[in-house]
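In case you want the letters, here they are:
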Amino acid sequence: MSRLSRRSFLAGSAALMAAPALAQTPDLKDVDVVIVGAGAAGIAAARRLIAAKRSVAVFEASNRIGGRCATDRAFFGVPFDLGAHWIHNPEANPLITQATQAAQSKLDIYPAPRGQTLRVGARNALDGEMETYLAGLVRAQRAIHDLGKFKSDVPASRLLPGDLGGWRSTIEFILGPYALGKNLANVSAFDLARAVPRESDAFCRQGYGALLAALAAGLPIRLSTPVTMIYWGGKALIVETNKGDLRPRAVILTVSTNMLNEDKIEFIPPLPKRPLDAASRLSLGSLDHIALDMPGNPLGLQQDDVVFERGQGGRSAALLADVSGTGLHMVEIGGDFGRGLSGQSEAAMIDFAGEWLSSLFGSSARRAIRRARATRWNQEPWVLGAMSAAAPGDAGARKILMEPVGDRVWFAGEAVHETQWGTVEGAWESGERTAERVLRAIGGARTESKAPGHSKRTGRTSRTQRKPQRRSSEQR
Ligand SMILES: Cc1cc2nc3c(=O)[nH]c(=O)nc-3n(C[C@H](O)[C@H](O)[C@H](O)COP(=O)(O)OP(=O)(O)OC[C@H]3O[C@@H](n4cnc5c(N)ncnc54)[C@H](O)[C@@H]3O)c2cc1C
């Protein structure tokens, strides 16, 4: 295996003469495009390029497909979405269209319930409380999308109406940590205002990650193969992996902005300041699931019920109950509080989930937990966080990341979408668009064709900008 390094390049052309092991693999010889990362963006880009009859190699550093949209079945014996779970705007979501078009698809996709449950301490909210909360949430969402009076960007928290009273903390949690992984004070109002509102959601019974994996079937993906170096400044474009080197015509880089910020891939010459600054202004927020196996409906909730609480401060969470009827309950934490807690340990996260559920449903809730597992996305070595949210003043950074470097290295992924950032469909569409740009740069499609079910647009964005609906306390 050849091993390229800065030193070998500086030393001269010897490394360029080395026989790269990967390039000797017949299916990788003369590959047109290398795609770094097999998440939603990488999978979409690969499908588009292959549909245009271009040769592609997808390198994935971890040992599984899907990135931040992956389903684990091993731990609980039922699907557990480690990252994305909500399928936004299903009518327009390109993943749904394409997954259901796949003849062999056995995926069961069903509408998410539109209501939500609100707890005030250990009881359900009264009708009047629910009305005040919903009205406040609607006013807050409107204020975010009505930026008319602001000439310059401000922290999104400043847009919230001043009269939300006792519901302010809940609404701030829902629109910030829960939806974006960041507290609204750290989010650009412009970035948030541009996010496409969504009307509805769906779930995939087998898991959103399973749906994405179905779309990756048959693609030339090499797992456990991190790209370690990209040499983009000389005559040849060279991509180094832990298994050898390739010389494609273009690279599509779908790694998260935090991965770029942490210099995990060496670039020779170093990446220009412009995209690096842009990535640093789009850092990832913190969002995690604490999954609890609680069979037998011990909390008396409906399948896929979403539960929020009348918050007392920053230590809030949300619950998605009885996920797809499996008995799995997911407590979600995010933002500053979630980051601090996930930084401690998985045990601390599980302990918090038990304590939080007990405060809302009584002490029997904790006793009903059979097994538990928490994600810690900030510690995932190939991702390092949840989803990008621009800091105040930094919404323009997304457009900068759309520019290629040296007409050879292209960025794609959720952060590289101006209106659907932070979502799977945004990552997917970014992958497709970037593949189109690469096709134009390297000479267009050999045969005009579209990826199966290739779509032009998707709808919406962040998880809680759907129209809030009440579930009256009598229903429960
Ligand atoms: C807890 C959580 C909940 C979420 N909930 C939702 C939701 O309900 N709905 C929704 O739409 N979105 C949700 N999201 C966001 C969504 O998951 C992401 O926006 C989307 O999956 C990002 O896809 P991507 O392709 O841009 O990046 P990624 O999925 O991060 O893919 C990039 C890939 O690159 C790989 N990689 C990194 N470095 C290298 C390297 N050097 N060499 C090779 N490979 C490398 C990584 O392993 C990764 O697989 C959630 C995210 C999290 C974390």
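In the block above lies the structure referred to throughout.
Treat the numbers as computed from the prediction; the structure is a model and nothing was measured.

**So, the overall build of the protein chain**
A count of helices and strands for the protein chain gives 15 helices and 21 strands. Sorting the 476 residues of the protein chain into buried and exposed places 59% on the buried side. Across the protein chain, the fraction of contacts at a sequence separation of at least 24, relative to all contacts at a separation of at least 6, is 76%. Roughly 18200 Å² of accessible area belongs to the protein chain as shown, and the carbon and sulfur atoms make up 52% of that amount.

**Here we look at the sheet that holds strand 7 (residues 117-120)**
Across the sheet, 7 strands lie side by side as 8-7-17-18-19-16-20; this open sheet has mixed pairing. The open sheet has two free edges, formed respectively by strand 8 (123-124) and strand 20 (371-374), since each of these has just one partner strand.

**What about the site of the ligand?**
Not every one of the 37 residues close to the ligand is listed here, only the nearest: Glu60, Arg68, Trp86, Val227 and Val424. A distance of 2.9 Å is found between an oxygen atom of the ligand and a backbone nitrogen or oxygen belonging to Ala41. The backbone of Trp86 places a nitrogen or oxygen atom 2.8 Å from an oxygen atom of the ligand. Taken together, the elements giving at least two residues each to the shell around the ligand come down to helix 3 (40-51), strand 16 (287-293) and helix 15 (424-441).

**Remarks on the side chain of Asp304**
Here Asp304 shows up in the loop between strand 16 and strand 17 (306-309). Despite its burial, Asp304 remains without a salt bridge, the nearest opposite charge being carried by Arg205 at 6.3 Å. A distance of 2.7 Å separates the side chain of Asp304 from the side chain of Tyr110, its partner in a polar contact. Within the structure, Asp304 has its side chain in polar contact with the side chain of Gln303 (distance 3.1 Å). With sequence-adjacent residues up to four places away left out, Asp304 is seen in contact with Tyr110, Pro113, Phe203, Leu320, Ala321, Asp322, Val323 and Ser324.

Cut-offs and rules
Residues numbered from 1 in each chain as written. Predicted model: local features only at pLDDT ≥ 70, side-chain atom pairs only at ≥ 80, totals over all residues. Heavy atoms only, no water. Helix = DSSP H or I, 4+ residues; strand = E, 2+ residues; numbered from the N terminus. Buried < 20%, exposed > 50% of the residue type's maximum accessible area, 1.4 Å probe, protein only. Contact = heavy atoms within 4.5 Å. Areas by Shrake-Rupley, 256 points an atom, 1.4 Å probe, with all protein chains shown as cover. Pairing = 2+ DSSP bridges. Near = heavy atom within 4 Å. Polar contact = N/O pair within 3.5 Å; in protein donor to acceptor, adjacent residues only side chain to side chain. Lys, Arg positive; Asp, Glu negative; His and termini not counted. Salt bridge = Lys/Arg side-chain N within 4 Å of Asp/Glu carboxyl O.

Any functional reading would require information that these geometric values do not contain.
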